Amino acid sequence: MPDNPGAWLVTTARHRAIDRLRRDRVLAAKLPLLASGPVAEPPMGETVDETPIPDERLELVFMCCHPALAVEAQVALTLRAVAGLATEEIARAFLVPAETMKRRLTRAKSKIKVAGIPFGIPAAARLPERLGAVLAVVYLIFNQGYSNPALEPGLAAEAISLGRVLAALLPAEPEVLGLLALMLLHDARREARFDGQDLVLLPDQDRSRWDWRQIAGARDLLDRALLDPARRQGPSARGPYALQAAIASLQTEERLDWPQIAALYSELADLTGSAVVRLNGTVAITEAEGPAAALAIVDDLDLPGYQYWHSTRAELLRRLGRPAEARAAYQAALDLAHSLPERRYLERRITETS
Amino acid sequence: MQYALLIYRQPGAAEALSDQEREASHREYLELRKRPEVTGGAALQPAETATTVRVQDGRTLVTDGPFADTKEILAGFYLVEAADLDAATELAARIPAARMGGSIEIRPVVPPDPAP
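These numbers were taken from a predicted model, which means no experiment stands behind them.

1. Concerning unusual backbone geometry
Logical step 1: Backbone geometry places Asp302 of chain A, a non-glycine residue, at a positive phi of 55 degrees.
Logical step 2: Examined against the element boundaries, Asp302 of chain A turns out to sit in the loop between helix H14 (291-301) and helix H15 (307-319).
Logical step 3: Backbone geometry places Asp57 of chain B, a non-glycine residue, at a positive phi of 50 degrees.
Logical step 4: Examined against the element boundaries, Asp57 of chain B turns out to sit in the loop between strand S3 (51-56) and strand S4 (59-64).

2. Things to note about the environment of Arg189 of chain A
Residue and element names in this part refer to chain A.
Logical step 1: On the secondary structure map, Arg189 appears in the loop between helix H9 (174-187) and strand S1 (194-195).
Logical step 2: The class of Arg189 is buried, set by 22 C-beta atoms lying within 10 Å.
Logical step 3: As a C-alpha pair, Arg189 and Asp206 span 17 residues in sequence and 9.1 Å in three-dimensional space.
Logical step 4: If we ignore the near neighbours within four places in the chain, the residues touching Arg189 are Gln205 and Trp210.

3. Some details on the confidence of the model for chain A
All names here are of chain A.
Logical step 1: Summarising the model, chain A shows a mean pLDDT of 82, and 80% of its residues fall at 70 or more.
Logical step 2: Below pLDDT 50 for its whole length, residues 1-28 participates in 31 contacts with residues either more than four positions away or in separate chains.
Logical step 3: Within the model, the stretch residues 31-53 combines pLDDT values under 50 with 30 contacts to residues more than four positions away or in other chains.

4. Observations concerning the interface of chain A and chain B
Accessible area lost upon the coming together of the parts is a frequently used measure of interface size.
Logical step 1: With seven residues of chain A at the interface, the matching set in chain B holds five residues.
Logical step 2: Here the side of chain A that touches chain B is composed, by residue class, of six nonpolar, one polar and no charged.

5. Observations regarding the packing of H14 of chain A against H15 of chain A
All names here are of chain A.
Logical step 1: Put simply, H14 and H15 touch, their axes get as near as 10 Å, and they point 150 degrees apart. One element, H14, and the other, H15, form an angle in the roughly antiparallel class. In this structure, H14 meets H15 at a crossing whose hand is left-handed. Taking contact as the criterion, the partners of Pro291, Ala294, Leu295, Val298 and Leu301 in H14 are, on H15, Trp309, Thr312, Arg313, Leu316 and Arg319.
Logical step 2: In the contact of H14 with H15, the residues fall into seven nonpolar, one polar and two charged.

6. Notes on the pairing of strand S1 (residues 2-9) of chain B
Residue and element names in this part refer to chain B.
Logical step 1: Of the two faces of S1, the one lined by Tyr3, Leu5, Ile7 and Arg9 is fully buried and the one lined by Gln2, Ala4, Leu6 and Tyr8 carries no buried residue.
Logical step 2: The sheet contact formed by S1 and strand S5 (residues 73-81) spans eight bridges and is antiparallel. Bridging across to S5, Arg9 finds its partner in Ile73.
Logical step 3: Here S1 runs beside strand S6 (residues 103-108); their pairing, made up of six bridges, is antiparallel.

7. Looking at the sheet that holds S6 of chain B
Residues and elements named next belong to chain B.
Logical step 1: Judged by pairing direction, the sheet is antiparallel, and its four strands sit side by side in the order S2-S5-S1-S6 without closing on themselves. The sheet terminates laterally at strand S2 (38-43) and S6, the two strands that pair on one side only. On average, each strand axis in the sheet is tilted by 20 degrees relative to the strand beside it, whichever way the strands run.

8. Side note on the environment of Asp187 of chain A
Residue and element names in this part refer to chain A.
Logical step 1: Among the secondary structure elements, Asp187 is positioned in helix H9.
Logical step 2: Overall, the presence of 21 C-beta atoms within 10 Å leaves Asp187 in the buried class.
Logical step 3: Each C-alpha atom, one on Asp187 and one on Gln214, is 8.5 Å from the other, the two residues being 27 residues apart in sequence.
Logical step 4: Not counting residues within four places of it along the chain, the set of residues in contact with Asp187 comprises Ala156, Ile160 and Gln214.

What counts as what
Residues numbered from 1 in each chain as written. Chains lettered and ligands numbered in written order. Predicted model: local features only at pLDDT ≥ 70, side-chain atom pairs only at ≥ 80, totals over all residues. Helix = DSSP H or I, 4+ residues; strand = E, 2+ residues; numbered from the N terminus. Buried ≥ 20, exposed ≤ 12 C-beta atoms within 10 Å, placed from the backbone. Contact = placed C-beta atoms within 7 Å. pLDDT = per-residue confidence, 0-100. Nonpolar A, V, L, I, M, F, W, Y, C, P; charged D, E, K, R; others polar. Axes fitted to C-alpha atoms, helices over the stretch in contact; angles between N-to-C directions. Parallel < 35°, antiparallel > 145°, perpendicular 65-115°, else oblique. Left-handed = near helix turned anticlockwise from the far one by under 90°. Pairing = 2+ DSSP bridges.

This is the structure:
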């Protein structure tokens, strides 16, 4: 990471004026670097005839997260080229053999070159959807690190760094700020999420181990994303990341405002049309209206291939005094669970529920 | 860069249009053909008219029908000159089939070998 994010802002404006021909030359110089080293290093050799400008990360991010690449390739390229991770590190983080990851990166690089995937910032009309793809990749990286902290401790931090870069380069995009706030809020609780190897759920976490300075910083970002009247152009201005950050922020309050959290989840589920979001909102509905109301919604959703649908059902059935059904649902969740801490948690639950 | 925009259509998509809609779409195809980026292209007769040829052990085998038994059929193509994939995508999105249940496959064209 460069030390001075502010400098990128200045150079970004400068860079936008640079003509397409030069960008193509820079790209030609950068493509080999994807395989050999972090792109933040100045390109070597004679191919670039000007001093390299250190802010080309935004162009690079848009190229790596181009929708013409498969999402797994977007993730791998972003970690390799933007974050500068070694191929072996990326392979470990995504539980694939190094050889597989190497091939994935080689194929992606080849597609960029042969198909003419541009190195540049998309046209204004395309920016919202293209930015959506970038944010999705960053959040995917974050979640991979967040759900497997023992596996790859640096991945969540890499995603936050990428988020900071994007927030510095695109300070007027509410969803960029929303995603960064969201990641910071989740990450602020990382020390309290585990007791040894065991996962500790939010209500049971030791709040004194939360990073309150980071939470305050995230709330400032969220205010900029949601509350700045200059940016608020009606309900559509509340994007999915800002909404999720607002929920995560409310969840750090001493006394939880469950009806408000449930309402935000409902807005988010309407916005995204996602059954998983609807499922996540049932935790708040349980607290605001009771487990019976929540179970009715969960049973309506019917996501049999989704671990957390089973574990949420299990939790509600347990609270409704239906232990046999609860144990069966915990078992169904366990059959789908991959991460070791989650497996340990579910096994414990099955033993405890009688 | 040169790209081929391969136009795939649902069988029967053209028949589902009214005469007026078919004429309008036909005009759009002709307009696209006249754009400076478009360097070539052709519309193809329906897949029922296709014949597939293979040569095995020196024998020429001719069969009725298209090579690939897919739901969508190749209906035509444009050859276009575009700065990059994004520019080619903009052109592809203008092809009527793309918004009528069909899809456009963008394939970069292998550049000709440099003159010796």
